[in-house]
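Each chain is listed here by its residues.
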Amino acid sequence: MTRRRPAVPDPTLRAGRLALLTTCAAHLGFQSMVTSVVYPTLFEGPTLGIGERQADHARRIAPVALTLYASGLGAAAWAAYGSVRSPGRDGLTATVVACLTTVAVPALTAGVVPLHMGIAQEQVTRHRIQTLLASDRIRTGLAAIGVVAAAQSLS
């Protein structure tokens, strides 16, 4: 009688999922800071000079956001590749959810770029600001879902 060896987890899959968890967590921290500190500071108070403050904010935050989004998309691709390559399906649903939220956040951000640009050009309306703040809360929620899903994919 031959003994069956316990299945060894695919190291590519585990590493991809760990990278996905790491980037999701970093993004959640970033997004939480923007939601709770940056946007309130930017949009509370007088609208005088808000265009200049918004343009300055965009110049400063763009390199950080692009780096986080690029690394998140890379980690999502890595985790997806590992999931496709692996014969086991444990954690597949959680990996897919984490990957989808990781892709959705930059897509949503790209969708609100015109709002940022309009505000930076002094086209400030209460509706624009409220829409931008609502989209920011959605991005934070998606980032939180991504962290939970990525963590679940590792268990």
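Residues numbered from 1 in each chain as written. Predicted model: local features only at pLDDT ≥ 70, side-chain atom pairs only at ≥ 80, totals over all residues. Heavy atoms only, no water.

Visitor: Help me get a handle on the layout of surface pockets, residues and values and all.
Guide: Rolling a probe over the atoms, with the probe sized like a water molecule, indicates the empty space that remains. Of the pockets and cavities examined, the largest pocket occupies roughly 360 Å³. Around the largest pocket sit 20 residues that line it, and I61, A65, T109, V113 and H116 are the ones nearest its centre. When residues of the lining of the largest pocket are traced back to their parent elements, those giving at least two are α1 (11-43), α2 (50-85), α3 (92-120) and α4 (126-154). Ranked by residue count, the leading element in the lining of the largest pocket is α2, at eight residues. A per-class count over the lining of the largest pocket returns 13 nonpolar, five polar and two charged. (1 Å grid on protein atoms, 1.4 Å probe; cavity = no way out; pocket = protein on both sides within 12 Å on 5 of 7 lines; lining within 4 Å. Points joined across faces, edges and corners; volume = space filled by probe spheres on them. Helix = DSSP H or I, 4+ residues; strand = E, 2+ residues; numbered from the N terminus. Nonpolar A, V, L, I, M, F, W, Y, C, P; charged D, E, K, R; others polar.)

Visitor: Before we move on, could you go through α1 and cite the residues and values that matter?
Guide: With 33 residues, α1 should reach 48 Å at 1.5 Å per residue; the first-to-last C-alpha distance of 46 Å fits that figure. For α1, the principal kink sits at V34 and spans about 40°. A positive backbone phi angle near 100° is found at G45, which sits one or two residues after α1. (Expected span 1.5 Å × (residues − 1). Bend = angle between axes of the 7 residues up to and from the residue.)

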